[in-house]
Amino acid sequence: LDIVAVLTKQDDYAKTRNYWKYLKAKLKKENSQLVSATTQLKLTAADGKQYKSDMLDYDGIITLCKTLGANDRLLPTNRELQLFKNILKTEWQEANDIVEKAKEMAEKRLQNNKP
């Protein structure tokens, strides 16, 4: 939703959410690859609860931009695309770090439990 909000230049969360639901349903009917490339992850919200959120990788964001590109005001600038890329790199690295840390912890547990 954050990407949709930026691309549509919309500050209202409810409007952004409704637009994404509408667009996603429309694209699903068209058998768009964008919708099949969307992954749902549970993320922690401001209220502390975890909710499923649609996630796109960099290629998915570019596809979304092209999909929304029929309306020139929705086309992202090169600066916005670079910002998306940097955010994704950071989040991807953080996710990789978490996975590596989990692997290390699992290996230590296995080593400690060896007879």
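Definitions and cut-offs
Residues numbered from 1 in each chain as written. Predicted model: local features only at pLDDT ≥ 70, side-chain atom pairs only at ≥ 80, totals over all residues. Heavy atoms only, no water. Helix = DSSP H or I, 4+ residues; strand = E, 2+ residues; numbered from the N terminus. Buried < 20%, exposed > 50% of the residue type's maximum accessible area, 1.4 Å probe, protein only. Arc of directions from axis to C-beta. Core = buried A, V, L, I, M, F, W, Y, C linked by side-chain atoms within 4.5 Å. Contact = heavy atoms within 4.5 Å. Patch = residues over 30% accessible without salt bridge, like charges linked within 9 Å, V, L, I, M, F, W, Y side chains within 5 Å. Areas by Shrake-Rupley, 256 points an atom, 1.4 Å probe, with all protein chains shown as cover. Salt bridge = Lys/Arg side-chain N within 4 Å of Asp/Glu carboxyl O. Lys, Arg positive; Asp, Glu negative; His and termini not counted. Charge placed at Lys NZ, Arg CZ, Asp CG, Glu CD.

A tally of helices and strands in the protein yields 5 helices and 2 strands. Going from the N terminus to the C terminus, the protein shows its helices and strands as α-α-α-β-β-α-α.

Along helix H4 (residues 58–68), the residues classified as buried are Gly 60, Ile 61, Leu 64, Cys 65 and Leu 68. Along the axis of H4, the buried residues cluster in a sector spanning 145 degrees; they form a single face. Across from the buried face of H4, at angles greater than 90 degrees, the exposed residues are Asp 59 and Lys 66.

Our focus in this paragraph is the nonpolar core. Within soluble globular proteins, side chains that are nonpolar generally end up buried alongside one another. Among the nonpolar cores identified, the biggest contains 14 residues, and Leu 7, Leu 23, Ile 61 and Leu 64 are the most heavily contacted of them. Elements represented by at least two residues in this core include exactly helix H1 (2–8), helix H2 (13–29), H4 and helix H5 (78–112). In this structure Ile 61 touches Ile 3, Leu 56, Phe 84 and Leu 88, once residues within four positions along its chain are discounted.

Judged by side-chain charge, Asp 2, Glu 91, Glu 94 and Asp 97 come together as a negatively charged surface patch. With 3 residues, the single largest contributor to the negative patch is H5. Turning to its location among the elements, Asp 2 is positioned in helix H1. We classify Asp 2 as exposed; its relative accessible area is 66%.

The values are spatial; any link to function lies outside them.
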